[in-house]
Amino acid sequence: MSGKIIISPSILAADYGKLAEEITKVVDAGAEYIHIDVMDGHFVPNISIGVPVVASIRKVTSAVFDCHLMISNPIDYIDAFVKAGADLISFHVESNSDINETIKKITSANKKAALVVKPNTPINVVFPYLKDVSMVLIMTVEPGFGGQSFMNDMLPKVTELKQEIERQGLDVDIQVDGGVDSETASLCKKAGANVLVAGSYIFKSEDVKKAIEILKA
């Protein structure tokens, strides 16, 4: 894990009528990643975007595409998202796909794999897989909708995960997603997170560059 804080703006909060412009704006303002929430209406009670949108926006930027698959059978879609331009693919431990096989499918395509846990899932379920992934995403809201309030009781999971990563002597990023703003970002960083997903806080900000700088600081 690098000491550097990485910002991954969630395009779920962007204006889809001018998505290319919105992405360019946040990348120019200092965001390293673009967080792409993929929802199937089955694993989570909402439908967002899929492969064609990822392929379209890939032409706009060289920023890291951080694709968060909130879908029931992620293994079936890995090839399509790789082809569309995903760089980092995260999937839920609660999904139907075999965890080892899905990780293997992502990494064998020379992409980074990440595991995601919902709020009610204990963090220790990811411990056996840490040596094979680049990142773990801890949801700090229930997945499926943007604009929810940050769940403070998820912070001990971040600390527990950081301690286990250090115990195993690994280099694994810790990402948090949900309700991240100027106040909660500092709590996440203090707990051990180094990759922050923020949607509304960045895209609804009057000064995007300043919003990103505040999250990093």
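Preceding this section is the structure that the text describes.
Below is a summary of the structure that appears in this document. (Residues numbered from 1 in each chain as written. Predicted model: local features only at pLDDT ≥ 70, side-chain atom pairs only at ≥ 80, totals over all residues. Heavy atoms only, no water.)

1. Structural notes on the overall build of the chain
Argument step 1. A tally of helices and strands in the chain yields eight helices and eight strands.
Argument step 2. Relative to the compact-globule value of 17 Å for 217 residues, the chain shows a C-alpha radius of gyration of 16 Å, a close match.
Argument step 3. Its C-alpha atoms give the chain principal-axis dimensions of about 40 × 35 × 30 Å.
Argument step 4. Each of the 217 residues in the chain was classed as buried or not, and the buried ones make up 52%.
Argument step 5. Summed over its atoms, the accessible surface of the chain is roughly 9400 Å², and 50% of this surface lies on carbon and sulfur atoms. (Helix = DSSP H or I, 4+ residues; strand = E, 2+ residues; numbered from the N terminus. Rg over C-alpha atoms; globule rule 2.2 N^0.38 Å. Buried < 20%, exposed > 50% of the residue type's maximum accessible area, 1.4 Å probe, protein only. Areas by Shrake-Rupley, 256 points an atom, 1.4 Å probe, with all protein chains shown as cover.)

2. Comments concerning the packing of aromatic side chains
Argument step 1. Under the counting rule described, the total for this entry stands at zero aromatic pairs.
Argument step 2. The ring of Phe65 has Arg58 lying over it, and the distance from NZ or CZ to the ring centre is 3.7 Å.
Argument step 3. Over the aromatic face of Phe43 sits the side chain of Lys118, whose NZ or CZ is 4.4 Å from the ring centroid. (Phe/Tyr/Trp six-rings, centres within 6.5 Å; stacked < 30°, edge-to-face > 60°. Lys NZ or Arg CZ within 6 Å of the ring centre and 35° of its normal.)

3. Brief notes about helix α4 (residues 99-107)
Argument step 1. Those residues of α4 not exposed but buried are Ile99, Thr102, Ile103 and Ile106. End-on, the buried residues of α4 take up no more than an arc of 100°, which puts them together on one face.
Argument step 2. Where α4 is buried, its residues meet α3 (78-84), β4 (88-92) and β5 (112-117).
Argument step 3. Regarding α4, its N-cap is Asp98, as a side-chain oxygen of that residue lies 3.2 Å from the backbone nitrogen of Asn100 further along. (Arc of directions from axis to C-beta. Contact = heavy atoms within 4.5 Å. Polar contact = N/O pair within 3.5 Å; in protein donor to acceptor, adjacent residues only side chain to side chain.)

4. Topic: the environment of Gly178
Argument step 1. Within the secondary structure, Gly178 sits in the loop between β7 (173-177) and α6 (182-191).
Argument step 2. A residue is classified by how much of its surface remains accessible, and Gly178, at 7% relative accessible area, is buried.
Argument step 3. Along the sequence, Gly178 and Leu196 sit 18 residues apart, while their C-alpha atoms lie 9.1 Å from each other.
Argument step 4. The residues contacting Gly178, other than those within four sequence positions of it, are Thr140, Val141, Phe150 and Val197.

5. Things to note about helix α8 (residues 208-216)
Argument step 1. When we look at burial in α8, the residues that qualify are Val208, Ala211, Ile212 and Leu215. For α8, the angular spread of buried residues about the axis comes to 95°, placing them on one side.
Argument step 2. Structurally, α8 contributes buried residues whose contacts are with β1 (6-9), α1 (19-28), α6, β8 (195-198) and α7 (200-203).
Argument step 3. Capping the start of α8 is the job of one residue whose side-chain oxygen sits 3.3 Å from the backbone nitrogen of Lys209: Asp207.

6. Quick word on the pairing of β1
Argument step 1. Side chains Ile6 and Ser8 of β1 all project onto a buried face; the interleaved residues Ile7 and Pro9 project onto the opposite face, where all are buried too.
Argument step 2. Note that β1 and β8 share four bridges and pair parallel. The residue of β8 that forms the bridge with Pro9 is Ala198. (Pairing = 2+ DSSP bridges.)

7. Side note on the pairing of strand β2 (residues 33-39)
The side chains of a regular strand alternate between the sheet's two faces.
Argument step 1. Where burial is concerned, most of β2 is hidden: seven out of the seven residues are buried.
Argument step 2. Burial along β2 is two-sided: Tyr33, His35, Asp37 and Met39 and Ile34, Ile36 and Val38, pointing in opposite directions, are all buried.
Argument step 3. Two strands pair when backbone bridges link them, and β2 and strand β3 (residues 64-70) are joined in this way by seven bridges, in the parallel orientation. The residue bridging Met39 from the neighbouring strand is Met70, located in β3.
Argument step 4. Considered for its hand, the β-α-β crossover made up of β2, helix α2 (residues 51-58) and β3 is right-handed. (Right-handed = clockwise from strand over helix to strand, strands pointing away.)

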